Amino acid sequence: PTARFPDRLPMKLRGARIRAVQAEDHYLRIHTDQGSDLLLMRFSDALDELEGLEGAQTHRSWWVARDAVQAVSRGDGRATLTLDGGLTAPVSRRYSKALRDSGWY
């Protein structure tokens, strides 16, 4: 299936590469290689629409594009992903095993 989520990007971010999607209250912060912006949408709906893009949920409020991950650091039994552009995304214990099993780190 083709991901429908990129079609929702605001005009100024159209065509940008999505690095991560972060839930903030009732909004989503879309992090791209051309900046970030807010979108009014439920995270669960965004996850459905991100199907087809190479990425995964890493935390209850984060989805990360696999090709954006530059480094992984570990501490306190948790991993943190460093994405290109310097953004860091948390990995919660709930998603850690699945990410490890699919070769993210």
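Treat the numbers as computed from the prediction; the structure is a model and nothing was measured. By convention here, each chain's residues receive numbers from 1 onward along its written sequence. Owing to the predicted nature of the model, reporting of local features is limited to residues with pLDDT of at least 70; listing and counting of side-chain atom pairs is limited to 80 or more, with chain, interface and lining totals taken over all residues. Based on all heavy atoms of the structure, the side-chain values leave hydrogens and waters out of the count.

Caption draft 1: Local environment of the sheet that holds strand S6 (residues 69-75). On the basis of which strands lie adjacent, the open sheet formed by three strands has the order S6-S7-S8 and antiparallel pairing. If you trace the sheet from one side to the other, it starts and ends with S6 and strand S8 (88-91), each paired once. Strand-to-strand, the axes of this sheet are offset by a mean angle of 25°, without reference to chain direction. DSSP bridges decide pairing: two strands pair if at least two such bridges lie between them. For the purposes of this entry, the term helix denotes a DSSP run of H or I that reaches at least four residues, the term strand denotes a run of E that reaches at least two, and both are numbered from the N terminus. Two strands pair when backbone bridges link them, and S6 and strand S7 (residues 78-83) are joined in this way by six bridges, in the antiparallel orientation. In the sheet register, Ala71 faces S7, and the bridge partner there is Thr82. The angle between two axes is taken between their N-to-C directions and runs from 0 to 180 degrees, where each axis is a line fitted to C-alpha atoms and a helix contributes only its stretch in contact.

Caption draft 2: Just the pattern of salt bridges, in detail. Criterion for a salt bridge: a side-chain nitrogen of Lys or Arg within 4 Å of a carboxyl oxygen of Asp or Glu. For the structure shown, the criterion picks out 10 salt bridges. Two residues, Glu49 and Arg8, come together in a salt bridge whose shortest N-O distance is 2.7 Å. Of this pair, Glu49 sits in helix H1 (residues 43-50) while Arg8 sits in the segment before strand S1 (18-24), and the two are 41 residues apart along the sequence. Judged by its relative accessible area of 9%, Glu49 falls in the buried class. Among the salt bridges present, the one from Asp84 reaches Arg17, with a minimum N-O distance of 3.4 Å. Taken as a pair, Asp84 in the loop between S7 and S8 and Arg17 in the segment before S1 lie far apart in primary sequence, 67 residues in all. Classification of residues uses two cut-offs on accessible area relative to the type maximum, computed with a 1.4 Å probe and protein chains only: under 20% is buried, over 50% is exposed, and between them is partly exposed. Classification of Arg17 as partly exposed rests on a relative accessible area of 30%. Connected through shared salt-bridge partners, Arg17, Arg19, Asp67 and Asp84 make up one network.

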